[in-house]
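Residue strings, one per chain:
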Amino acid sequence: MIYTDGSVFLLQGRTYGYAIRVLGNGFLQHLYYGGKVSRCDLGLLAAMGDTTAPGDDINMDMAFDGMPGEYGFFAHGDFHDPTAVFVRSDGAAVSRLRYKSYRIYDGTARVVGMPHVRKADKTLEITLKDDFSDVEILLNYTVCDDSDVLVRNAVVKNMGKIAVGVKKAFSFCLDLPNGEYSMMRLAGTWGRERCPETAPIAHGITRLQSLRGASSHQTNPFTAVMRPGCTEESGECFGIQLVYSGSFAITAEWSRNAQLRIQGGINDVGFEWTLNGGEELVTPQALLTYSCGGTGEMSRSIARFLRDRIIDPKYAYSPRPVVVNNWEATYFDFDNEKLFPIIDTAAELGIDTFVLDDGWFGKRDDDRSGLGDWFVNEKKLKGGLNTLIDRCKSRGLKFGLWFEPEMVCEDSDLYRAHPDYAITANGVQPARSRNQLVLDFTRKDVVDRIYTAISKILAENDISYVKWDMNRSITECYSSKLPPERQGEFMHRYILGVYDLAERLTGAFPDVFFEGCAGGGGRFDAGALYYFPQIWTSDVTDGYERTKIQWGTSMCYPLSAMSCHVSVCPNHQTGRTTPLFTRGAVASLGAFGYELDLSKLTEEEKSQVREITRNYKRIQRLILDGDLYRIIDPFTRDYFCEAVVSADKTEAYVVGERVLCIPCDYNRYVYLRGLDPDKVYEIEELGVASSGAALMNVGLLLPKTADFGAWTWHLKAVEK
């Protein structure tokens, strides 16, 4: 809901309140963000705001630095890191933003060319006018009554006739009072994506960012700002998450009066966007999530929001295909005769879809050639894709295919014909990674060329599943088709090109299920989820390492978004051997599949795979729409445990793993969460029934297992 008397605005979601006030001098003051308040509280909030207001005298600009604001300006009394910087034709970057008007309308804010919230109840649009230029800033606040998530973004508009240079344009600014906050970030690297790290916010500026052209393995576009005492189960925190897949920044800065400013959006390093008269720059949306129930409730609120309002509704709650991917089974060394046994065995074991990974196209027997040549290598695959597709159909399977649309090898027909399609800079030897260069997706003709090639493959073959990969970061950051004064637009224009291709392909082939990937989890973000209902979580599939990767990813993404596979042992990334049951149990906490040569399994292993697959199909509904409760943290304990509980509290699925056996370490209890204390639950594996209250308060003994042993419990509510 949105309430206003024309000068004070109150926004309300399910459990939060957010209040803004227009001061007499036109400054826009942030009043409050936290637990839900009512309209009768606006007088109190305004009175408290009076203590930080700079006064009605327009010459009191220097006092603005101490006032909680909604969008920071630059070089005229606001000494914070600015939210936006724009430069006039005379080179002056001085700005002072004041209120001009507002409007409230149904639905979500207009965002063109980027992923966005698909449905919402109301949007408040506040227009700010710069005193010293023809720039206006539109601040959008989108509210969903049944959600804890407030959606924000900004639009920079040049209302004059002379061009303006925008050097920075963040999506939002949020000022929080009372100090002593900690910040959780999801950091890591390839194979160790999204590890939660929490630390007090120090003085100065704390900055999370990616300069890689993608949201990256190293830093996810998310942070949780936590009040003292916030834990997994209790306390206040604020989740900040960008609906954006490119280079980004999120910053936190202490200012006077123990005030914390959080802001973020498109990374401003090297950024400059030219706005001609009448043009506008729309910034990515940001999701602000309030929780008074700790980081656990924050995560569940975000997961519901992404499923309900970001992910394609056709797939958000639909059963996902159980796949087998041939990559770790064969790598590049395959032909029909090597793939047929995997397909045949998959059919025997209850798997739905066979996915053919890298190596099926062009001249592609290793990673040194062929990328960009999206035509079938019939020397390797006799009869083309249809031979494999027909084999799948005859066995009752569907067929999926791997692409890496954004990349090109120098040893390829595409590069030989169009070397200018690759991102390079004059006089600069390009940095190479995985023997490939990145295509210049700032160019429409390049995007069109790739769209034509991929859509031809999809149109001519019965393909139900696409894995979209991206295996390197962007370097050089230069386009031969952009004039010198517009090279600062490169990184944002690149991701707009990616979004354009994704929009066109998913729109043209609505019955094809698209999975995202970027060298594992290098582009796992809310923006990517708009096009890809699930994303390959990490290239590391080890049955222990995945407990940590999936734990961290669940901080701000739903289980159904995490693509999780059972792979062979010794694991190809860690060399570790873990039980097949453990690998299956951990992988069942996501969108499930296999990454191995099924035809080489023993009969005992095949029997286990059948049971693991049956178990996943049994609990898949919980993975799609249940609520996750993180119970034992694998980063701090020798155990891991999570539970998924149905919305009506009648069903739950618990997965646990013990890492290393330690003497005299068995009599430990696990306390379940999320159950209805008044319901009685039967635990299938234990043959006992108990109240939800007892299971949460008395607990259960952790099972005795060997190293890396796992357990699963299926709970069902029964009549008392």
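Because the structure is a prediction, the values reported are computed rather than measured.

Chemist: I'd like a description of the overall build of the chain, backed by residues and values.
Modeler: A tally of helices and strands in the chain yields 14 helices and 38 strands. Computed over its C-alpha atoms, the radius of gyration of the chain comes to 26 Å, within 12% of the 27 Å expected for a compact globule of 720 residues. In terms of its C-alpha atoms, the chain occupies a principal-axis envelope of roughly 85 × 70 × 45 Å. Partitioning the intrachain contacts of the chain with sequence separation of at least 6 by distance along the chain shows that 70% fall at a separation of at least 24. When the accessible surface of the chain is totalled, it reaches about 25500 Å², and 51% of it is carbon and sulfur. Both charge centroids of the chain, one from 79 positive and one from 96 negative side chains, sit 1 Å from each other.

Chemist: I'd like a rundown of the side chain of Thr283, residues and numbers included.
Modeler: Position of Thr283 among the secondary structure elements: in the loop between β19 (280-282) and β20 (286-291). A distance of 2.6 Å separates a polar atom in the side chain of Thr283 from the backbone oxygen of Ala154. In this structure Thr283 touches Met114, Asn153, Ala154, Ala169, Phe170 and Ser171, once residues within four positions along its chain are discounted.

Chemist: Give me the lowdown on the sheet that holds strand β26 (residues 465-468), citing residues and values where you can.
Modeler: A barrel is described by the order of its strands in space; here eight strands give the closed sequence β21-β22-β23-β26-β27-β28-β29-β30, paired in parallel fashion. For this sheet the average axis-to-axis angle between neighbouring strands, irrespective of direction, equals 30°. Alignment of strand β21 (residues 323-325) against strand β22 (residues 353-356), held across three bridges, turns out to be parallel. By the bridge assignment for β22, Asn325 is matched with Val355. Helix α11 (residues 545-553) contacts β28 (534-536) and β29 (562-567) of the sheet and is inclined by roughly 170° relative to β29.

Chemist: I'd like to hear about helix α12 (residues 580-587), residue by residue, with values.
Modeler: The buried count for α12 comes to seven of eight residues, which makes it a mostly enclosed element. All buried positions along α12 are accounted for by Leu580, Thr582, Arg583, Gly584, Ala585, Val586 and Ala587. In this fold, the buried residues of α12 make contact with α11, β29, β30 (591-595), α13 (603-625), β33 (651-658) and β38 (709-718).

Chemist: Help me get a handle on the packing of helix α8 (residues 444-460) against helix α9 (residues 490-508), residues and values and all.
Modeler: Where α8 meets α9, the closest approach of the two axes is 10 Å, and the angle between their N-to-C directions is 25°. When the interaxial angle is binned, α8 and α9 end up roughly parallel. Regarding α8 and α9, the two cross each other, and that crossing is right-handed. In this structure, α8 contributes Val447, Asp448, Ile450, Tyr451, Ile454, Ser455 and Leu458 to the contact, and α9 contributes Gly497, Asp500, Leu501, Arg504, Leu505 and Ala508. When its residues are assigned to classes, the contact of α8 with α9 shows eight nonpolar, two polar and three charged.

Chemist: An account of the nonpolar core is needed here, citing residue identities and associated values.
Modeler: Core analysis: the largest hydrophobic core is formed by 188 residues, its most contacted members being Leu356 and Trp360. Examining the composition of this core, we find that nine residues originate from one element, α9, more than from any other. Sequence-distant contacts of Leu356, defined by excluding residues within four places in its chain, comprise Asn326, Phe334, Leu339, Leu381, Leu385, Leu388, Phe399, Gly400, Leu401 and Trp402.

Chemist: With reference to specific residues and values, describe the packing of aromatic side chains.
Modeler: Each aromatic ring pair is summarised here by two numbers: the centre-to-centre distance and the angle between the ring planes. All told, the structure shown has 33 aromatic pairs when counted by the stated rule. Arranged with centres 5.9 Å apart and planes meeting at 55°, the rings of Tyr18 and Tyr141 form a pair that is tilted. Residue Tyr18 is found in strand β3 (residues 16-22), and its partner Tyr141 is found in strand β8 (residues 135-143); the two are separated by 123 residues along the sequence. Residue Tyr18 is classed as buried on the basis of its relative accessible area of 0%. Taken together, a centroid distance of 4.9 Å and an interplanar angle of 75° make the contact between Trp327 and Tyr331 edge-to-face.

Chemist: Summarise the pairing of strand β16 (residues 248-255); cite the residues concerned and give the values.
Modeler: In terms of burial, β16 is a largely internal element, eight of the eight residues being buried. Residue alternation in β16 divides its side chains into two sets, Phe248, Ile250, Ala252 and Trp254 and Ala249, Thr251, Glu253 and Ser255, and both sets are buried. Relative to β16, strand β13 (residues 205-209) runs antiparallel, the two being bridged by five bridges. What sits directly across from Arg207, in β16, is Thr251. Relative to strand β17 (residues 259-266), β16 is paired through eight bridges, and the arrangement is antiparallel. Looking across to β17, one finds that Thr251 is bridged to Gln263.

Chemist: Explain a nonpolar patch on the surface to me, using residue names and the numbers behind them.
Modeler: Judged by side-chain polarity, Tyr669, Tyr671 and Leu701 come together as a nonpolar surface patch covering roughly 300 Å² of accessible area. Along the chain, the position of Tyr671 falls in the loop between β34 (669-670) and β35 (680-683).

Chemist: Tell me what's going on with the pattern of salt bridges, and back it up with residues and numbers.
Modeler: Counted by the stated rule, this structure contains 56 salt bridges. Two residues, Asp146 and Arg309, come together in a salt bridge whose shortest N-O distance is 2.7 Å. In this pair, Asp146 sits in the loop between β8 and β9 (149-158) while Arg309 sits in helix α2 (residues 294-309), placing the two residues 163 residues apart along the sequence. For Arg309, a relative accessible area of 9% gives the class buried. When the shortest N-O distance is used, the salt bridge between Arg391 and Asp344 registers 2.7 Å. Here Arg391 is found in helix α6 (residues 385-394), whereas its partner Asp344 is found in helix α5 (residues 336-348), with 47 residues between them in sequence. Linked by salt bridges that have partners in common, Arg14, Asp148, Glu297, Arg300, Arg304 and Asp627 make up one network.

Calculation criteria
- Residues numbered from 1 in each chain as written.
- Predicted model: local features only at pLDDT ≥ 70, side-chain atom pairs only at ≥ 80, totals over all residues.
- Heavy atoms only, no water.
- Helix = DSSP H or I, 4+ residues; strand = E, 2+ residues; numbered from the N terminus.
- Rg over C-alpha atoms; globule rule 2.2 N^0.38 Å.
- Contact = heavy atoms within 4.5 Å.
- Areas by Shrake-Rupley, 256 points an atom, 1.4 Å probe, with all protein chains shown as cover.
- Lys, Arg positive; Asp, Glu negative; His and termini not counted.
- Charge placed at Lys NZ, Arg CZ, Asp CG, Glu CD.
- Polar contact = N/O pair within 3.5 Å; in protein donor to acceptor, adjacent residues only side chain to side chain.
- Pairing = 2+ DSSP bridges.
- Axes fitted to C-alpha atoms, helices over the stretch in contact; angles between N-to-C directions.
- Buried < 20%, exposed > 50% of the residue type's maximum accessible area, 1.4 Å probe, protein only.
- Parallel < 35°, antiparallel > 145°, perpendicular 65-115°, else oblique.
- Left-handed = near helix turned anticlockwise from the far one by under 90°.
- Nonpolar A, V, L, I, M, F, W, Y, C, P; charged D, E, K, R; others polar.
- Core = buried A, V, L, I, M, F, W, Y, C linked by side-chain atoms within 4.5 Å.
- Phe/Tyr/Trp six-rings, centres within 6.5 Å; stacked < 30°, edge-to-face > 60°.
- Patch = residues over 30% accessible without salt bridge, like charges linked within 9 Å, V, L, I, M, F, W, Y side chains within 5 Å.
- Salt bridge = Lys/Arg side-chain N within 4 Å of Asp/Glu carboxyl O.

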